[in-house]
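Examining the three-dimensional arrangement
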Amino acid sequence: MLTDEKRKLELMAATIRKTALETIHTAGSGHIGGSFSMADIMAVLYFKAMNVDPKNPDKPDRDRLVVSKGHCSPVTYATLALKGFFPIEHLKTFRQIDSDLSGHVEIHVPGVDMSGGSLGQGLSVALGMAMYAKANKIGNYVHAIMGDGEIQEGQIWEAAMCAGFYKVNNLIAFVDNNQIQLDGRLTEVMDPNPIDEKFRAFNWNVINVNGQDVEEIADAIDEAKKCQDKPTMIVAHTTKGAGVSVFEDTPRFHGGQPTPEEYEQAIKELDDRIASLEV
Ligand SMILES: Cc1ncc(C[n+]2csc(CCOP(=O)(O)OP(=O)(O)O)c2C)c(N)n1
């Protein structure tokens, strides 16, 4: 990847984080930790990899993304707004009564391909979309992003078995492996690691990446598209709350809110990062 492209994607990831945090702050609620850990994946998907058109959000041959960890609506809505699916100003209505931007991703928001919130269902939905696309020779890719706590759900493994058996190679999934779920650390609750070996056993093409490295993420997606006979699982090794020191690897920021001082510090860190990446 050219240095300038990498810088632009990093700038986008930092801008997505800041926009998501401001959105949560205005609402007074929302999930910071899991939004921040997947921000780099979102930057690469929407600003490099995915064939989508904000002016024509329903075009039939578009690539799809199922945000299976549907509580991460802040990062999803921030990304879609920055991409131009709806005005950034609209984010101020997040989680307000009568707003379409609710706390979990909703399909009626322009650019959203599937509603989420009840964890464990997204891989099955993405698999269905991918199989439909293959059967109808649409030629697009279907992506899904799951949490590492989420994959404790049994339905994930039924979809994993089916996708591997039927060689659904237009399915590109991610696990945001940030090691923290709602109740604390995976190792204290029920650890699904090693995730790569499990998906490999289900006949998936598995790629491990640093999920905070836009170049590694982009390379893995390119590699996934070359694989002709398997679905791809990109195990993204991430840090919950990545990008702001006070949020990083801290279970409290799964759904908890920063103090006013922590918020100011977070915005300052993100502003500094953005300034360092702007030319
Ligand atoms: C079926 C279901 N059970 C429980 C919840 C409540 N819940 C919301 S987020 C969450 C933790 C998810 O952890 P993880 O998948 O690791 O997400 P991340 O850390 O990336 O935010 C839980 C249990 C839910 N949304 N759906």
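Scroll up to find the structure.
Residues numbered from 1 in each chain as written. Predicted model: local features only at pLDDT ≥ 70, side-chain atom pairs only at ≥ 80, totals over all residues.

1. Details of the overall build of the protein chain
Defined as follows: Each helix is a run of DSSP H or I of at least 4 residues and each strand a run of E of at least 2, with the numbering of both proceeding from the N terminus.
Across its full length, the protein chain carries 10 helices and seven strands. Each of the three principal axes of the protein chain carries a C-alpha extent, and together these read 50 × 45 × 45 Å.

2. Examining helix H9 (residues 214-226)
The test is simple: Helix span is expected to be 1.5 Å times the residue number reduced by one. Neighbour counting defines burial: a residue surrounded by 20 or more other C-beta atoms within 10 Å of its own C-beta is buried, one with 12 or fewer is exposed, and intermediate counts give partly exposed, using backbone-placed C-beta atoms. By the convention adopted here, residues make contact when the C-beta atoms placed from their backbones lie within 7 Å.
Between its first and last C-alpha atoms H9 spans 19 Å; for 13 residues at 1.5 Å apiece the expected length is 18 Å, and the two agree. Looking only at H9, the buried set comprises Val-214, Glu-216, Ile-217, Ala-218, Ala-220, Ile-221 and Ala-224. Residues of H9 that are buried make contact with helix H1 (3-27), helix H3 (39-49), strand S3 (171-177), strand S6 (205-210) and strand S7 (232-237).

3. Quick word on the site of the ligand
Here is the rule we go by: Each residue gets a C-beta atom placed from its backbone. Should that atom fall within 6 Å of a molecule or strand, the residue is termed near it. The residue classification treats Ala, Val, Leu, Ile, Met, Phe, Trp, Tyr, Cys and Pro as nonpolar and Asp, Glu, Lys and Arg as charged. All others, Gly included, are polar.
The local shell around the ligand holds 20 residues, among which Gly-34, Gly-147, Gly-149, Glu-150 and Leu-182 are the closest. Per element, the largest residue contribution to the shell around the ligand is three residues, and it comes from helix H2 (residues 33-37). Taken together, the residues of the shell around the ligand break down into three nonpolar, 12 polar and five charged.

4. Thoughts on the environment of Ile-41
Inspection of the secondary structure assignment puts Ile-41 in helix H3. Note: C-alpha distance between Ile-41 and Gly-211 (170 residues apart in sequence) is 6.9 Å. Discounting residues that sit within four places of it in the chain, Ile-41 has contacts with Ile-145, Phe-174, Gly-211, Ile-217 and Ala-236.

5. Details of the sheet that holds S6
Keep this limit in mind: At least two DSSP bridges between two strands are needed for those strands to be called paired. Convention adopted: a line fitted to C-alpha atoms gives each axis, helices being fitted over their contacting stretch, and angles between N-to-C directions are expressed from 0 to 180 degrees.
Pairing within the open sheet is parallel, and its five strands lie in the order S1-S2-S3-S7-S6. Edge positions in the sheet fall to strand S1 (64-67) and S6, since each of these pairs with one other strand and no more. Neighbour to neighbour, the strand axes of the sheet diverge by 20° on average, direction disregarded. Bridging between S1 and strand S2 (residues 142-147) involves four bridges; their strand directions are parallel. If you follow Arg-64 over to S2, its bridge partner there is Val-142. Packing against the sheet, helix H5 (residues 122-135) makes contact with S1, S2 and S3, and its axis sits at approximately 170° to S2.

6. Comments concerning the pairing of S3
Cut-off, in case you're wondering: The handedness rule is simple: strands pointing away from the viewer, and a clockwise path from the first strand over the helix to the second, make the crossover right-handed.
Counting buried positions over the seven residues of S3 gives seven, a clear majority of the element. Here S3 shows a buried face lined by Leu-171, Ala-173, Val-175 and Asn-177 and a second buried face lined by Ile-172, Phe-174 and Asp-176. Strand direction decides the pairing type here: S2 and S3, joined by six bridges, are parallel. Counterpart to Gly-147 in the pairing with S3 is Asp-176. Between S2 and its parallel partner S3, the chain crosses via helix H6 (residues 154-165), and the hand of that crossover is right-handed. Here S3 runs beside S7; their pairing, made up of six bridges, is parallel. Looking at the pairing, Ile-172 lines up with Thr-232 of S7.

7. Some remarks on the pairing of S6
Remark: a regular strand shows side chains that alternate across the two faces of the sheet. Alignment of S6 against S7, held across six bridges, turns out to be parallel. Within the sheet, the bridge partner assigned to Val-209 lies in S7 and is Ala-236. In this fold, the crossover linking S6 to S7 by way of H9 has right-handed handedness.

8. Re the packing of H1 against H3
Let me state the cut-off plainly: By the definition adopted for this analysis, an angle is roughly parallel if under 35 degrees, roughly antiparallel if over 145, roughly perpendicular if from 65 to 115, and oblique otherwise. Here is the rule for handedness: rotate from the far helix to the near one, and if that takes an anticlockwise turn smaller than a right angle the crossing is left-handed, while a clockwise turn gives right-handed.
At a minimum axis separation of 8 Å, H1 and H3 run at an interaxial angle of 120°. It follows that H1 is oblique to H3 by the angle criterion. For the pair H1 and H3, the sense of crossing is right-handed. Taken together, the residues of H3 that come into contact with H1 (itself represented by Leu-9, Met-12, Ala-13, Ile-16 and Arg-17) are Ala-39, Asp-40, Met-42, Ala-43, Val-44, Phe-47 and Lys-48. For the contact of H1 with H3, the per-class residue count stands at nine nonpolar, no polar and three charged.

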